[in-house]
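What follows is each chain in one-letter form.
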Amino acid sequence: MTHMREITEKIVAADLCAGCGACAALAPKSLSFGLGEDGFLRPTTRARLQRRAQKNIAAICPGQQQIPTQFGDQNHPVWGSYRKLYEGWASDPAIRFEGASGGALTGVLAWLLETGEVDGVLSTSADPDNPIGNRTVISRTKEDLLAQAASRYAPSAPLLQVPGLLEKGERLAFVGKPCDVAGLRNWARVDKRVDDIFPVKLAFFCAGVPSQRGAETLLRVLGTRPEDVSEFRYRGRGWPGRSEARTKQGASRSLSYSESWGDVLSKHVQPRCRICADGIGLEADIVFADSWAVNSEGYPEFEERDGRSLILARSRLGLRIAHGAAEGGALVLRTSDIDAVAAMQPGQLRRRQELLARLIGRVLGGLPAPRYRQLGIWQNSRALGLPRMLRVIAVSMRRAAQRRSGKA
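Remember, it's a predicted structure, so these values are computed and weren't measured experimentally.

**Student:** Describe in detail the overall build of the protein, supporting the description with residues and values.
**Tutor:** When its secondary structure is counted, the protein shows 16 helices and 19 strands. Its C-alpha atoms give the protein a radius of gyration of 20 Å, within 12% of the compact-globule value 22 Å for 408 residues. Its C-alpha atoms give the protein principal-axis dimensions of about 55 × 55 × 55 Å. The proportion of buried residues among the 408 residues of the protein is 57%. Excluding contacts between residues fewer than 6 apart, the proportion of contacts in the protein whose partners are at least 24 apart in sequence is 71%. For the protein, the computed accessible surface area is about 17700 Å², with 49% contributed by carbon and sulfur atoms. Within the protein, one finds 58 positive and 42 negative side-chain charges whose respective centroids are separated by 8 Å.

Structure follows, in structure tokens:
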């Protein structure tokens, strides 16, 4: 067995796999890729890896390492490098309604297609053969995009498609989780064609990837089963939108966002996500998030209302696209305050502050940590305070020890 085969297996065993699919894309003859027993997408070794594949996997895997691209002329200690922050939504009422948070991402993508900035959009969509699961698709029209709109809280592996697209010469916008975009940036450092094929890289704030088991649990809460479902939406059709299952018998059952994500899906997030340094799309040209309304006590509210997005233009290209989409009538934009994001996204703030403690606890519990550089980990941990830091270290250490012993 080669060294890299051992490393690949260790990545999975140590819960460092993000499930992006890059490794299997680089070595399709040596690695298969699919849902494991835990409901997450994982590689499985089936043949000896070649030396070049070993080297490329080590360089590209976002689960192992991340060194963010420094884009903007502003660098916030929590929210990263950026050029401008806006609040906004899609001008098209249908897109605003169908999208998860005002449809701003879909509106921008529609503008990119309509203006010929890109030939297509690589993104994640519901799998017609498994409505609670995902597949990767290329959209070429506004109608395609509208059909893919709204969040998909299930495993997805868009990087699996990259090798097959490198020879086609098309220019595609890439839409993925922050870890997917980080992997694509890593890949571009190995193969310069990646930036030619994917000149635009977009992401969204991510609180973690739930397993397919999470969606199956959600269906049980809704009183149905996967085999009885013809269509499933995790969000959308309003803001924040409800999780809705339509059965083959024509019935419709739904839960609120707080019930579906807060009570069920968030409990099934993959372990790698709990030590993620980048749920905020640090390497995307533009990253989108929910611009939650905040109550008098400073906490987000999840009551249904017209959707609004935070739109963080990180790169010069991202800023040009945001302005172009607004000037072209696809997007409504208004300037927002970076210091207000903490109240709208307290979960992301807490993750950034707790990360160092989580990593320390993980290492003390006997599991390796990812390689992070220039991500503000030490700086953000100062806001935690010693008592809370010690509590987070203890929880993380216990969780790591349980994972090592096979109890979690």
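**Student:** Please set out the environment of Thr136 residue by residue, giving values where relevant.
**Tutor:** Relative to the assigned elements, Thr136 resides in strand E8 (residues 130-139). Along the chain, Thr136 and Ser156 lie 20 residues apart, while their C-alpha atoms are 7.6 Å from each other.

**Student:** Can you lay out the pairing of strand E17 (residues 309-313) for me, pointing to particular residues and giving the numbers?
**Tutor:** For E17, the tally of buried residues reaches 5 of 5 residues, placing the bulk of the element in the interior. Residues Ser309, Ile311 and Ala313 point to one face of E17 and Leu310 and Leu312 to the other, with burial holding for every one of them. Bridge analysis of strand E6 (residues 84-90) against E17 gives 5 bridges, and the strand direction is antiparallel. Residue pairing in the sheet places Lys84 in a bridge with Ala313 of E17.

**Student:** I'd like a rundown of the environment of Leu26, residues and numbers included.
**Tutor:** As for its position among the elements, Leu26 is in helix H2 (residues 22-26). Taking C-alpha positions, Leu26 is 7.3 Å from Pro163, a pair spaced 137 residues apart along the chain. Not counting the four nearest positions on each side in its chain, Leu26 is found in contact with Ala53, Asn56, Ile57, Ile60 and Trp187.

**Student:** Give me the packing of aromatic side chains: which residues, what numbers.
**Tutor:** Counted by the stated rule, this structure contains 9 aromatic pairs. Here Phe174 and Phe198 contribute two aromatic rings whose centre-to-centre distance is 5.7 Å and whose plane-to-plane angle is 85°, an arrangement assigned as edge-to-face. Here Phe174, found in strand E9 (residues 172-176), pairs with Phe198, found in the loop between helix H9 (193-197) and strand E10 (200-204); they are 24 residues apart in sequence, far enough to count as distant. With 5.2 Å between their ring centres and 5° between their planes, Trp239 and Trp292 make a pair best called stacked. With Trp239 in the loop between strand E11 (229-233) and strand E12 (243-247) and Trp292 in the loop between strand E14 (286-290) and strand E15 (293-294), the pair connects residues that are 53 residues apart, well separated along the chain. When sorted by exposure, Trp239 lands in the same class as Trp292, which is buried. Across from the ring centre of Tyr257, 4.8 Å away, lies the NZ or CZ of Arg235, which sits over that ring.

**Student:** If you had to explain the pattern of salt bridges to someone new, which residues and values would you point to?
**Tutor:** Tallied over the entire structure, the rule returns 25 salt bridges. The salt bridge partner of Arg237 is Glu231, with a shortest N-O separation of 3.5 Å. According to the relative accessible area criterion, Arg237 is partly exposed, its value standing at 30%. Residue Glu231 is classed as partly exposed on the basis of its relative accessible area of 30%. Ionic contacts of the salt-bridge type, sharing partners, join the residues Glu98, Glu231, Arg233, Arg237, Glu244 and Arg246 into one network.

**Student:** Account for the packing of helix H14 (residues 346-364) against helix H16 (residues 386-405), with residues named and values stated.
**Tutor:** Helix-helix packing is characterised by the crossing angle of the two axes and by the distance between the axes. At a minimum axis separation of 7 Å, H14 and H16 run at an interaxial angle of 50°. One finds that H14 runs oblique with respect to H16. For the crossing formed where H14 meets H16, the hand is right-handed. Contact residues: Arg350, Gln353, Glu354, Leu356, Ala357, Arg358, Ile360, Gly361, Arg362 and Leu364 in H14; Arg388, Met389, Val392, Ile393, Ser396, Met397 and Ala400 in H16. For the contact of H14 with H16, a count of residues per class yields 9 nonpolar, 3 polar and 5 charged.

**Student:** Got a sec to walk through the side chain of Arg233? Specific residues and values, please.
**Tutor:** One can find Arg233 in strand E11. At a separation of 3.3 Å, a polar atom in the side chain of Arg233 contacts the main-chain carbonyl oxygen of Glu98. There is a polar contact of 3.5 Å between the side chain of Arg233 and the backbone oxygen of Arg235. Those residues within four positions of Arg233 in sequence are excluded, and the remaining contacts are Glu98, Ala149, Ala150, Arg152, Arg242, Ser243 and Glu244.

**Student:** Describe empty space enclosed by the protein, and please don't skip the residues or the numbers.
**Tutor:** With the rule as written, the count across this model stands at 6 cavities of 30 Å³ or more. Taken as a whole, the largest cavity encloses approximately 150 Å³ of empty space. Considering the residues around the largest cavity, the lining is formed by 18 residues, among which Ile11, Cys17, Cys23, Pro43 and Cys61 are closest to the centre. For the lining of the largest cavity, the secondary-structure elements that each account for two or more residues are helix H1 (3-13), H2 and helix H3 (51-60). Considering only residue class, the lining of the largest cavity consists of 14 nonpolar, 4 polar and no charged.

**Student:** Go over unusual backbone geometry with me, naming the residues and quoting the values.
**Tutor:** Cis geometry is adopted by the peptide bond preceding Pro240, which originates at Trp239 and carries an omega value of 5°. Relative to the elements of secondary structure, Pro240 occurs in the loop between E11 and E12. In this structure, Ala150 is a non-glycine residue whose phi angle is positive, near 95°. On the basis of relative accessible area, Ala150 is assigned to the buried category, the value being 18%. Of note in this structure, Arg237 is not a glycine but carries a positive phi near 55°. Take Arg237: it is sitting in the loop between E11 and E12.

Conventions used here
Residues numbered from 1 in each chain as written. Predicted model: local features only at pLDDT ≥ 70, side-chain atom pairs only at ≥ 80, totals over all residues. Heavy atoms only, no water. Helix = DSSP H or I, 4+ residues; strand = E, 2+ residues; numbered from the N terminus. Rg over C-alpha atoms; globule rule 2.2 N^0.38 Å. Buried < 20%, exposed > 50% of the residue type's maximum accessible area, 1.4 Å probe, protein only. Contact = heavy atoms within 4.5 Å. Areas by Shrake-Rupley, 256 points an atom, 1.4 Å probe, with all protein chains shown as cover. Lys, Arg positive; Asp, Glu negative; His and termini not counted. Charge placed at Lys NZ, Arg CZ, Asp CG, Glu CD. Pairing = 2+ DSSP bridges. Phe/Tyr/Trp six-rings, centres within 6.5 Å; stacked < 30°, edge-to-face > 60°. Lys NZ or Arg CZ within 6 Å of the ring centre and 35° of its normal. Salt bridge = Lys/Arg side-chain N within 4 Å of Asp/Glu carboxyl O. Axes fitted to C-alpha atoms, helices over the stretch in contact; angles between N-to-C directions. Parallel < 35°, antiparallel > 145°, perpendicular 65-115°, else oblique. Left-handed = near helix turned anticlockwise from the far one by under 90°. Nonpolar A, V, L, I, M, F, W, Y, C, P; charged D, E, K, R; others polar. Polar contact = N/O pair within 3.5 Å; in protein donor to acceptor, adjacent residues only side chain to side chain. 1 Å grid on protein atoms, 1.4 Å probe; cavity = no way out; pocket = protein on both sides within 12 Å on 5 of 7 lines; lining within 4 Å. Points joined across faces, edges and corners; volume = space filled by probe spheres on them.

Everything listed here is a matter of geometry and, on its own, says nothing about what the molecule does.
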